[in-house]
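# Analysis of the macromolecular model
In case you want the letters, here they are:
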Amino acid sequence: MTEILDSNLPIDDLDKKILSMIMLNARTPFLEVARECGVSGAAIHQRVQRLQNIGVIKGSEFIINPNRIGYMTCAYIGIYLKDASYFDDVVAQMKLIPQIVECHYTTGKYAIFIKIYAKSNEHMKYILHDRLQAISGISSTETIISLEESFKRQISIED
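Structural notes, computed from the coordinates. Source: prediction; values computed, not measured.

How each quantity is defined
Residues numbered from 1 in each chain as written. Predicted model: local features only at pLDDT ≥ 70, side-chain atom pairs only at ≥ 80, totals over all residues. Heavy atoms only, no water. Pairing = 2+ DSSP bridges. Helix = DSSP H or I, 4+ residues; strand = E, 2+ residues; numbered from the N terminus. Axes fitted to C-alpha atoms, helices over the stretch in contact; angles between N-to-C directions. Parallel < 35°, antiparallel > 145°, perpendicular 65-115°, else oblique. Contact = heavy atoms within 4.5 Å. Nonpolar A, V, L, I, M, F, W, Y, C, P; charged D, E, K, R; others polar. Phe/Tyr/Trp six-rings, centres within 6.5 Å; stacked < 30°, edge-to-face > 60°. Buried < 20%, exposed > 50% of the residue type's maximum accessible area, 1.4 Å probe, protein only. Polar contact = N/O pair within 3.5 Å; in protein donor to acceptor, adjacent residues only side chain to side chain. Expected span 1.5 Å × (residues − 1). Core = buried A, V, L, I, M, F, W, Y, C linked by side-chain atoms within 4.5 Å. Salt bridge = Lys/Arg side-chain N within 4 Å of Asp/Glu carboxyl O.

## Structural notes on the sheet that holds strand β3 (residues 112-118)
Strand pairing within a sheet occurs via backbone hydrogen bonds; the two strands may be parallel or antiparallel. An order of β2-β3-β1-β4 is seen for the four strands of this open sheet, with the pairing classed as antiparallel. Both outer strands of the open sheet, β2 (100-105) and β4 (138-146), are each paired with one neighbouring strand and no more. Going across the sheet, the axis of each strand differs from the next one's by a mean of 20°, ignoring polarity. Where strand β1 (residues 73-81) and β4 come together, eight bridges link them in antiparallel fashion.

Have a look at this one:
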């Protein structure tokens, strides 16, 4: 279960400025952030460490462009379960399918909503038919093909 951040934790304007800068590029050197913020590099390091410790920063990563490594089809799939009790087992089995890059427990029409990448339509068919729909506990799926990712962003730091 996701821990809810206490809204009373002190996130001040300096924290927001630091977060805004490193969200754009996690590889920005702390000294560059420090110069922009008018504080020492040690202060930036301490602030970032504190933001990690309280769970505001979850990590940093390199972002791979799926198209550049041959994954040309992106789809979102709504999953209906035979019964809600299958949820944990279905998620555990889906973790074994590396092309599934996101998985959400949802309200509304679907029990689970996932994001998946495939190399081609044939590859997508294989993943859907032979891997996903073969999972015990899934009653049916509904696939939505993404034609283009128009934009993607993180949540704003501003109030």
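Now that the structure has been shown, the text picks up again.
## Things to note about the packing of helix α2 (residues 30-37) against helix α3 (residues 41-53)
Interhelical geometry of α2 versus α3 gives an angle of 105° and a closest axis separation of 8 Å. Viewed along their axes, α2 and α3 adopt a mutual orientation that is roughly perpendicular. Facing F30, L31, V33, A34 and C37 of α2, the residues of α3 in contact are G41, I44, H45 and V48. Its residues placed into classes, the contact of α2 with α3 shows seven nonpolar, two polar and no charged.

## Digging into the packing of aromatic side chains
If you walk through the whole model with that rule in mind, you get four aromatic pairs. Between Y80 and Y110, the aromatic rings sit 5.3 Å apart at their centres with planes inclined by 65°, giving edge-to-face as the arrangement. Placement of Y80 in strand β1 and of Y110 in the loop between β2 and β3 is noted, with a sequence separation of 30 residues between them. For Y80, a relative accessible area of 23% gives the class partly exposed. Grouping aromatic residues by their ring pairs yields a cluster made of Y76, Y80, Y110 and F113.

## A few points about the side chain of T28
Within the element layout of this structure, T28 appears in the loop between α1 (13-24) and α2. At a separation of 2.8 Å, a polar atom in the side chain of T28 contacts the main-chain carbonyl oxygen of N25. Non-local contacts of T28, meaning those with residues more than four positions away in its chain, are made with M21 and V33.

## Brief notes about α1
Taking 1.5 Å as the rise per residue, α1 with 12 residues should run 16 Å; its terminal C-alpha atoms sit 17 Å apart, in good agreement. For α1, the capping residue at the N-terminal end is D12, with a side-chain oxygen 3.1 Å from the backbone nitrogen of L14.

## Quick word on the nonpolar core
Of all hydrophobic cores here, the largest spans 20 residues; its most connected members are I79, M94, I112, I114 and L132. Setting aside residues no more than four positions away along its own chain, M94 makes contact with I79, I100, C103, I112, I114, L132 and I135. Judged by nonpolar contacts, the second largest core, of 12 residues, contains I22, V33, C37 and I57.

## Points about the pattern of salt bridges
For the structure on display, the rule yields five salt bridges. A salt bridge links R47 to D12, with the shortest nitrogen-to-oxygen separation between them at 2.8 Å. You can see R47 sitting in helix α3 and its partner D12 sitting in the segment before α1, a full 35 residues away along the chain. The class for D12 is partly exposed, based on a relative accessible area of 33%. Note that R47 and D15 form a salt bridge whose closest N and O atoms lie 2.9 Å from each other. Linking R47 in helix α3 with D15 in helix α1, this pair joins segments that are 32 residues apart in sequence.

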